[in-house]
Amino acid sequence: MDKMPKWADVILIPLISVLLALIVSGLVVLIIGENPIEAMQIMVRGAFGSAYGWGYTLYYATNFIFTGLAVAVAFHARLFNIGGEGQAALGGLGVAIVLLSFGWPHWTIALLAAILGAALFGAAWAAVPAYLQAKRGSHIVITTIMFNFIASALLVYLLVNVFRVPGSMAPESARFAEAVHLPSAAEFAGFLGFGGSTPLNFAFFVALVCCVLVWILIWRTRLGYEIRAFGHSETAAVYAGINPTRIIMITMLISGGLSGMMAINVVMGEAERLVLDFTEGAGFVGIAVALMGRSHPVGVVLAALLFGALYQGGAELQFEMPAVSREMIVVIQALVIMFTGALDNMVRMPMEKIFLSIRRSRESGSQSPAE
Amino acid sequence: MDFLTVLQILDSSIRLATPLLLACLAGLFSERAGIFDIGLEGKMLAAAFFSAAFAFTSGSVWVGLFAGVGASVFLSGLHGAASITFRGNQLISGVAINFLAAGLTVVIAQTWFSQGGRTPQLPSEARFGNIVLPGAESTIREIAQLGPLGQIYSELISGHSILVYIAFLIVPLTWWVLFRTRFGLRLRAVGENPAAVDTAGISVVGMRYAAVIICGVLCGLAGAYLATALNAGFVKDMSAGRGYIALAALIFAKWRPWYALMACLLFGFFDAVGNRFQNITVGEIVVPVQFMQALPYILVVIVLAGLVGRAIPPRAGGEPYVKER
Amino acid sequence: MTDAAAIELRGISKAFGPVQANKDISMSVKRGTIHGIVGENGAGKSTLMSILYGFYKADRGEIFINGQKTEIPDSQAAIRAGIGMVHQHFKLVENFTVVENVILGAEDGAMLNPSIAKARRTLKELSEEYGLKVDPDAIIEDLSVGHQQRVEILKQLYRHADILILDEPTGVLTPAEADQLFRILERLREEGKTIVLITHKLREIMEITDTVSVMRRGEMTNTVATASTSPAELAEMMVGRKVLLRVEKSPAKPGDVMLKVDDLRVVRDGVERLKGVSLHVRAGEILGIAGVAGNGQTELLEVLGGMIPATGGTVTVRNEQIDVSGKHSNGQTRRARGIGHVPEDRQDEGLIMPFEAWENTAFGYHKDPKYNHGMLMDNAAIKADCADKMERYDVRPPNPRLPARNFSGGNQQKIVVAREMDRAPDILLVGQPTRGVDIGAIEFIHKEILRLRDEGKAILLVSVELDEIMGLSDRIAVMFDGKIMGERLPSETNENELGLLMAGVTETRVGGAA
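Keep in mind that this is a model prediction, so the values were computed, not measured.

Peer 1: With reference to specific residues and values, describe the packing of helix 3 (residues 51-76) of chain A against helix 12 (residues 282-292) of chain A.
Peer 2: A packed helix pair is summarised by two numbers, namely the angle formed by the two axes and the spacing between the axes. All names here are of chain A. The interhelical angle for the contact between helix 3 and helix 12, taken along N-to-C directions, is 60°, at an axis separation of 7 Å. Regarding the angle of helix 3 to helix 12, the classification is oblique. Taken as a pair, helix 3 and helix 12 cross one another with a handedness that is right-handed. Packed against helix 3, whose contacting residues are Asn-63, Phe-64, Thr-67, Gly-68, Ala-70, Val-71, Ala-72 and Phe-75, the element helix 12 presents Ala-282, Gly-283, Val-285, Gly-286, Ile-287, Val-289 and Ala-290 at the interface.

Written out as structure tokens, the structure reads:
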């Protein structure tokens, strides 16, 4: 028998881990000399207290859904893709090339083309580490980290030397044409109170569609079945006739493509031009999101929402409590990764003991009346 | 390009190689014992901040050094707890530590100094000064008048901070500890086959914690060097990927101390060249500065691809040890 | 010197959860003798020795070493008590030199050089004394398995072990290497060392030991002087008077040759595991492959099942040669050809343990149209199929939503068997079908295998259980060291003859000699 019921494994343990991360974060706030409860209230109000707050929260969440799904898909094949940051950067490049090269008549067609460009470029950036892992056994964690740095240098070079508008000093591309402007929340949901400055845009729905597609991929398709089987046991996968190289390659291409699609939200939807460092660490937040969301699309959405709220609430917090720096979010993110990822056993082992003793006492309790 | 310019670039290579070297040797101890550590970056950053903060407040660079090493060792202990005691994923733990350091340093810096996440500029007595070796000149004008040997001695060998000399001394020390002492034998064994160590009656957990703590100390030195010798204070994200380059150098060096020195000098050289020249022109081709900056990472990928001979990490690396029959 | 026994165990018991691995075991070994412990897989031999070496702590019982009651909580205590153990899987650091491995954990002082110098001298003495020649500066991974084993023995001698435990020491050795090992053990005995030899090879027991204990299902059933017993008697004690599962079996009606294997060769990790295997299986018959584990049976099944490539030879299925290079084939192409495969290791190969039962029902057949609905998998159909199979194959509990790891060994195996047999494949590969399976399930699985045979299917059965081979097979082939040693009809052979073939002995007919 399992040591714990399934709900405990899927819901209770992540919740406890996140709670622990938040408690430790609260301690940090306390040590800084501020009131953690008050800080919490400011953050919640900042993130969810207004349409303005929601607009930013959901905008950030959109990024994290993309990068979280990317890490989650790779996790299913037991691959640790830390390259989300670089793959997203390349995705941005793909979006910029697609949108600047042609005079798109309408944003809908442009969106489809941009999605393709973002996904292809992101996937291409994941392809080399994937190939090296599958064929040469080079550790994908190291290679994807290296590719993050290479992507960053590449993007700087291209922005300075290729995309920069002549006469401008700023390392950024020209603004995209008006025709490819994605509807912003103010346009499609203005009735909910979203104002013109809200960065939330149509890409949010693309992200939600990706969640559904990933869910279908992982739990409804033969490929997803093979990915999961491979992730659990390579030997068994080979027994079943599943080709490990193929799975590693395809999984990483999908993962890289999802990371790249983050650029739809930022580059196409918000900035409307390619800017330097537009990823702002979202590729790394994806790791925390996937770990916390237990690599399930529903979990990823919830975790992305939490991190979106942290990002937006954190900005408000910095405004109202200047002593607490915005980097507090990074601390919380780190603690979530630590507790839900690396210190999983610390929470799990005592929980298993508790559930075991509960079951024992229940079994002995149910047996005695029968005797 | 005259001889003195070359010397100046080499001199700056040494300065820039030093933090890489210390972090690389830190990783060497940890990974030789079977604990992968991609948290070098975070430990360096934490050490940089705490050394700068304490050096500033106390006015003593040595107090700063201790604080920096302390912070780094604390993070090492955390990594040890996650990966040794709780048998968690070493990579995930390393990632978490990098973020923790990136966030906490700025948060605390803001609270203590309110300067936007940096420490105040360190006065010279709170920094590691440059040591002028006996008989060496220290100003450019004087050095320019020396002969080639004198120039090498004064420009390249003399005039570094004590941590540079320490870092270079740690290379033979590491080699000696690893290959000439009982501790080194056991450390290497525990990274290759912990079961062999366990059946020989040695504590696997003890050996691995020892390695992780040494890693923390060396990372602490690297971070302190960044903030109190190479620079005069802490700024946000000042480690700037050096932890990863050190990791890259470690793989490039195939986990061997002398090769680590070579790899770090090479990467330091790239950095120095990139700093000095915006673009390098080789014949018709202009090599952009970004390429120089990315070169260490590209080299690592090439090494990992097995194009320069296969880099085989310690065999038990990354795997928590679970006792079995 | 006292007359006290070198080792005396009194009432040792050890349980792992509900499994009683050792039940009230008492044993005594005289100093300067070689004592054998035999028993089937899972009889508790290794557990008992692990207790003696401090790897496990016994639940009850006492250990006396040279007459002294001794507590052995860890390996260090065992080493202090003069006990050394050579594990089945060597505990050597592969890229260290011999001398480095020998001193690891037994160094003199913090500096290596003095330790190494001393060890070099001692090693020289030891190798001369016991005939254990090994180059002290050789790297372990460059040494043959036999020499690696010598290093393990030297390691123990360097630690002044007086009692040496060897766990299945010949499992990985060639016959010639095994002979060399026995000469070394004899020398050690002459020098007054006490040796405990764990094995399931009766030939070795007869050849080298002074006394022998037999273990069966966690109990020590007998201890006898080797001179006063015979392989046949030991075999009987090992197998015991257990209820023979009489399988109702009609005579086979062999038809056409369905599977033909010619000169099949496999090299894995640089070692030739199959050295030219040829065999054939007809429709309506069971060919049993007997042999000690690790003699190539695993590789034979894996090549036929499409898991690993062959390096030479051909495989013909119904007069059509199939690809064994692995370039154009894998497990799925084999299944498409009507080859079912019940793998040797259900937990590592046959099932994905965290997958629910219904997901495992489709494993390997997940591309079957009946499990799919266009682009997507038809989970409802798979679940229904799983529920149906669970009922017909009596899987308990019959819950398709339960993860595979939550079923008992027997029920896990039934899930695999149902999946692989229910399609009535023309050829069925079966590896260790009843390993770790309870008696009820054994009976059920045996009946299913026979039912398939009677339907005219060709079955290749690999098992290390001789009973099973004898009971089910229509023909028996014995594998040893990657080769088929010979073929026998079950009606014309016995366990002793097969046992000798399994040990690589072909010339003598034991029936006549005993």
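Peer 1: So, the interface of chain B and chain C: which residues are in play, and what are the values?
Peer 2: Chain B puts 17 residues into the contact, and the matching count from chain C is 20 residues. Those elements that place two or more of their residues in the side of chain B that touches chain C are helix 8 (182-192) and helix 9 (194-199) of chain B. Broken down by element, the side of chain B that touches chain C gets its largest block of residues, six residues, from helix 8 of chain B.

Peer 1: Could you give an account of the sheet that holds strand 15 (residues 320-322) of chain C, naming the residues involved and the relevant values?
Peer 2: All names here are of chain C. Spatial strand order, 12-11-14-15: four strands in an open sheet with antiparallel pairing. Two strands in the sheet have a free side with no partner beyond their single neighbour: strand 12 (271-282) and strand 15. The average angle at which neighbouring strand axes cross in this sheet is 25°, direction not considered.

Peer 1: If you had to explain the interface of chain B and chain A to someone new, which residues and values would you point to?
Peer 2: Across the boundary between the two partners, chain B contributes 37 residues, which contact 38 residues of chain A. Contributions of two or more residues to the side of chain B that touches chain A are made by helix 4 (90-113), helix 11 (242-252) and helix 13 (289-304) of chain B. The dominant element in the side of chain B that touches chain A, judged by the number of residues it contributes, is helix 4 of chain B, at 14 residues. When grouped by side-chain class, the residues that make up the side of chain B that touches chain A number 25 nonpolar, 11 polar and one charged.

Peer 1: Describe the pairing of strand 20 (residues 458-462) of chain C, naming the residues involved and giving the relevant values.
Peer 2: Residues and elements named next belong to chain C. In terms of residue burial, strand 20 counts as a mostly covered element, since five of its five residues are buried. The sheet contact formed by strand 19 (residues 427-431) and strand 20 spans five bridges and is parallel. Along strand 20, the bridge assignment pairs Leu-428 with Ile-459.

Peer 1: Tell me about the domain arrangement of chain C, and please be specific about residues and values.
Peer 2: All names here are of chain C. Along its sequence, chain C is organised into domain 1 (7-239) and domain 2 (257-347 + 425-502). Computed over C-alpha atoms only, the centres of domain 1 and domain 2 are separated by 33 Å. With eight residues of domain 1 at the interface, the matching set in domain 2 holds seven residues. No other element matches the four residues that helix 8 (residues 231-239) contributes to the side of domain 1 that touches domain 2. Considering only residue class, the side of domain 1 that touches domain 2 consists of five nonpolar, two polar and one charged.

Peer 1: Summarise the sheet that holds strand 6 (residues 83-86) of chain C; cite the residues concerned and give the values.
Peer 2: All names here are of chain C. The six strands are arranged 6-7-8-3-9-10 in an open sheet whose pairing can be described as mixed. Taken across any chain shown, the strands that pair with only one partner, and hence form the sheet edges, are strand 6 and strand 10 (219-225). The average undirected angle you get between the axes of adjacent strands in this sheet is 20°. Note that strand 3 (residues 34-39) and strand 9 (residues 211-216) share five bridges and pair parallel. Residue pairing for strand 9: Ile-37 is matched across the bridge by Ser-213. Sitting on the sheet, helix 5 (residues 145-158) touches strand 6 and strand 7 (163-167), and the angle it makes with strand 6 is about 170°.

Peer 1: Summarise helix 9 (residues 222-232) of chain A; cite the residues concerned and give the values.
Peer 2: Most of helix 9 of chain A sits inside the fold, with eight of its 11 residues counted as buried. Buried residues belonging to helix 9 of chain A abut helix 3, helix 8 (203-220), helix 10 (234-239) and helix 11 (244-271) of chain A together with strand 18 (376-377) of chain C.

Peer 1: Summarise unusual backbone geometry; cite the residues concerned and give the values.
Peer 2: Following C:Arg396, the chain continues to C:Pro397 via a peptide bond in cis, the omega torsion being -5°. By the secondary structure assignment, C:Pro397 is in the loop between helix 13 (379-392) and helix 14 (409-421). Despite not being glycine, B:Lys254 has its phi angle at roughly 50°, a positive value. Tracing the backbone through its elements, the reader meets B:Lys254 in the loop between helix 11 and helix 12 (257-276). With phi around 45°, C:Glu168 is a residue other than glycine that occupies positive phi space. When you line up the elements, C:Glu168 lands in the loop between strand 7 and helix 6 (175-190). Since 22 C-beta atoms lie within 10 Å of it, C:Glu168 is described here as buried.

Peer 1: Run through the packing of helix 2 (residues 40-58) of chain B against helix 3 (residues 61-85) of chain B, naming residues and quoting values.
Peer 2: All names here are of chain B. Where helix 2 contacts helix 3, the axes come no closer than 7 Å and their chain directions differ by 150°. It follows from the interaxial angle that helix 2 and helix 3 lie roughly antiparallel. Seen from above, helix 2 lies across helix 3 with right-handed handedness. Every residue of helix 3 that contacts helix 2 at Gly-42, Lys-43, Ala-46, Ala-47, Ala-48, Phe-50, Ser-51, Ala-52, Phe-54, Ala-55 and Ser-58 is listed here: Val-61, Val-63, Gly-64, Leu-65, Ala-67, Gly-68, Val-69, Gly-70, Ala-71, Ser-72, Leu-75 and Ser-76. Across the contact of helix 2 with helix 3, the residue classes break down as 14 nonpolar, eight polar and one charged.

Peer 1: Please give an account of helix 2 (residues 36-48) of chain A that cites residues and values.
Peer 2: Residue and element names in this part refer to chain A. Between its first and last C-alpha, helix 2 extends 18 Å over 13 residues, near the 18 Å set by a 1.5 Å rise per residue. The complete set of buried residues in helix 2 reads Ala-39, Ile-42, Met-43, Gly-46 and Ala-47. End-on view of helix 2: buried residues confined to an arc of 120°, all on one side of the axis. Buried positions along helix 2 lie against helix 1 (6-32), helix 3 and helix 13 (297-320).

Peer 1: Tell me about the environment of B:Tyr153, and please be specific about residues and values.
Peer 2: Residues and elements named next belong to chain B. Its place among the elements puts Tyr-153 in helix 6 (residues 148-157). Judged by C-beta crowding, with 18 C-beta atoms within 10 Å, Tyr-153 ranks as partly exposed. As for Tyr-153 and Ser-30, which are separated by 123 residues in sequence, their C-alpha atoms are 35 Å apart. Other than its neighbours up to four places away in sequence, Tyr-153 contacts Ala-136 and Ser-158.

Peer 1: Tell me about the environment of A:Gly94, and please be specific about residues and values.
Peer 2: All names here are of chain A. Structurally, Gly-94 is set in helix 4 (residues 84-101). The class for Gly-94 is buried, based on 29 C-beta atoms found within 10 Å. Spatially, the C-alpha atoms of Gly-94 and Cys-211 are 22 Å apart, while their sequence positions differ by 117 residues. Discounting residues that sit within four places of it in the chain, Gly-94 has contacts with Gly-117, Ala-118, Leu-120, Phe-121 and Gly-260.

Definitions and limits used
- Residues numbered from 1 in each chain as written.
- Chains lettered and ligands numbered in written order.
- Predicted model: local features only at pLDDT ≥ 70, side-chain atom pairs only at ≥ 80, totals over all residues.
- Axes fitted to C-alpha atoms, helices over the stretch in contact; angles between N-to-C directions.
- Helix = DSSP H or I, 4+ residues; strand = E, 2+ residues; numbered from the N terminus.
- Parallel < 35°, antiparallel > 145°, perpendicular 65-115°, else oblique.
- Left-handed = near helix turned anticlockwise from the far one by under 90°.
- Contact = placed C-beta atoms within 7 Å.
- Pairing = 2+ DSSP bridges.
- Nonpolar A, V, L, I, M, F, W, Y, C, P; charged D, E, K, R; others polar.
- Buried ≥ 20, exposed ≤ 12 C-beta atoms within 10 Å, placed from the backbone.
- Domains from an automatic or database assignment.
- Expected span 1.5 Å × (residues − 1).
- Arc of directions from axis to C-beta.

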